[in-house]
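Structural overview for review
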Amino acid sequence: MPDPKISVKNLCKVFGDNVPQAIELLDAGRSKDEIFAQTGNVVGVNRVSFAVQPGEIYVLMGLSGSGKSTLVRLINRLVEPSRGSINVDGLDIAALSRAELVKWRRRRVAMVFQSFALMPHRNVLANAALGLEMAGTPRKAREARAMEVLAQVGLQTYAAKYPAQLSGGMQQRVGLARALAVDPEILLMDEAFSALDPLKRVEMQSLLLDLQRAQQRTVIFVSHDLEEALRIGTRIAIMESGNLVQEGSAHQIITQPANAYVRKFFEGIDTSRYLTAADLIDPGLNGHSYGGGPRLPWSTPLPEAMQTVLGIDQPIGVFDATDRLLGCISARSLLARMSQEARHV
């Protein structure tokens, strides 16, 4: 595995006037509520560690007040850490001077917020070129680059329009274009699509995935919507009361939830859509059960696996990308999994 693009270790953020005392209480194992009651300080992020690989979409999710937005703002020091390290390609971001931080932000990272934050007196082209203008890019060059990214998000014909003339979804596309215009290696997105209606939200998720396939940026995406996280996330980290309580792929989160808090996110969601043949392997069927008959790749989506398995009265082999037998599934194991998932809906 390559070195991580972003590495966060033991990161803490305490809001208040007596941070050292609050940190001491954290180290002593006191809870967020206990620290607030004793000091009046609020623990936003509590000793969080994680790593993000190059080209990943790493989704931070949790309920309001869980610390996810504070955490993403700590990455580029819009919020100053109380303790811990933030390394990007080996560079300690927490140790940068203010001037060094500004220079790093302009070259390496961009952020998209929930609010569109467009300047109403500037047209779409000027809004998309804002970051380049702030970096001192000459007008002709920055407008050419802005038109390039507006084409990527499907808004090149709206370059002369003003924000008030655009729909919410189009305004968020301008916000995304403004972030992409500086060609960042890292894209931080804080509830970027949550202000949109459901159809526009799915549309923007699809756009992000299309851009990611072409450009392979490293993305940290904050969301409170599990379906959104399952759809776009390479990996998902779930926050609760400032703590990172579980991290993993969509399959790991669904099939091995860490606690009741994580399971609560699944209520009303058909998680079977995110399962694959590998999740259906029956531990009661060993490799000797496979007689060389039907077979499935491990990544076969559950609906397709269902069509293959049902009606076949013999175990089906599940194979990985190297053609190694991982195990077997049967109509019995498939029906058992579907029954389990139905209880979560």
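Parameters at a glance
- Residues numbered from 1 in each chain as written.
- Predicted model: local features only at pLDDT ≥ 70, side-chain atom pairs only at ≥ 80, totals over all residues.
- Heavy atoms only, no water.
- Helix = DSSP H or I, 4+ residues; strand = E, 2+ residues; numbered from the N terminus.
- Buried < 20%, exposed > 50% of the residue type's maximum accessible area, 1.4 Å probe, protein only.
- Areas by Shrake-Rupley, 256 points an atom, 1.4 Å probe, with all protein chains shown as cover.
- Lys, Arg positive; Asp, Glu negative; His and termini not counted.
- Charge placed at Lys NZ, Arg CZ, Asp CG, Glu CD.
- Pairing = 2+ DSSP bridges.
- Axes fitted to C-alpha atoms, helices over the stretch in contact; angles between N-to-C directions.
- Salt bridge = Lys/Arg side-chain N within 4 Å of Asp/Glu carboxyl O.
- Core = buried A, V, L, I, M, F, W, Y, C linked by side-chain atoms within 4.5 Å.
- Contact = heavy atoms within 4.5 Å.
- UniProt positions renumbered as here; feature names shortened; annotations may be inferred.

1. Here we look at the overall build of the protein
- Within the protein, the secondary structure is distributed over 14 helices and 13 strands.
- Along the first, second and third principal axes, the C-alpha atoms of the protein reach 70 × 55 × 35 Å.
- Here the protein holds 345 residues, and the buried ones make up 48% of them.
- Counting only carbon and sulfur atoms, one obtains 52% of the accessible surface of the protein, whose full area is about 16,100 Å².
- Averaging the coordinates of the 38 positive side-chain charges in the protein and doing the same for the 35 negative ones gives two points 6 Å apart.

2. Describing the sheet that holds strand 8 (residues 218-223)
- Taken in spatial order, the six strands of this open sheet run 6-7-8-3-9-10, and their pairing is mixed. At either margin of the open sheet sits one strand with a lone partner, and together these are strand 6 (109-112) and strand 10 (243-248). Within the sheet, the average angular offset between the axes of one strand and its neighbour, ignoring direction, is 15°.
- Pairing between strand 7 (residues 186-190) and strand 8: five bridges, direction parallel. Within strand 8, the residue paired with Leu 188 across the bridge is Ile 220.

3. Considerations on the pattern of salt bridges
- Scanning the model with the defined rule gives 22 salt bridges in all.
- Across the salt bridge formed by Asp 89 and Lys 5, the nearest N and O atoms sit 2.8 Å from each other. Taken together, the residues Asp 89 in the loop between strand 4 (83-88) and strand 5 (91-92) and Lys 5 in the segment before strand 1 (6-15) connect sequence positions 84 residues apart.
- When its relative accessible area of 45% is taken as the criterion, Asp 89 is described as partly exposed.
- Salt-bridge contacts for Arg 73 lead to Asp 190; the nearest nitrogen and oxygen are separated by 2.1 Å. Of the two residues, Arg 73 is situated in helix 3 (residues 68-75) and Asp 190 in strand 7; the sequence distance between them amounts to 117 residues.
- The exposure class assigned to Arg 73 is partly exposed, which follows from its relative accessible area of 24%.

4. Considerations on the nonpolar core
- In terms of nonpolar packing, the biggest core is built from 64 residues, with Leu 176, Leu 187, Met 189, Phe 221 and Ile 236 touching the most fellow members.
- The dominant element in this core, judged by the number of residues it contributes, is helix 8 (residues 168-181), at seven residues.
- With residues near it in sequence (within four places) discarded, Leu 176 still touches Val 112, Val 153, Leu 187, Met 189, Met 204, Leu 207 and Leu 211.
- Counting residues in each nonpolar core, the second largest holds 28 residues, with Leu 74, Val 109, Leu 188 and Ile 220 among its members.

5. Digging into the UniProt feature "domain: ABC transporter" (unreviewed entry) in the protein
- Listed under "domain: ABC transporter" (unreviewed entry) in the UniProt record, and renumbered for this structure, are residues 23-266.
- Taken as a whole, residues 23-266 contains 43% helix and 21% strand, while its terminal C-alpha atoms sit 33 Å from one another.

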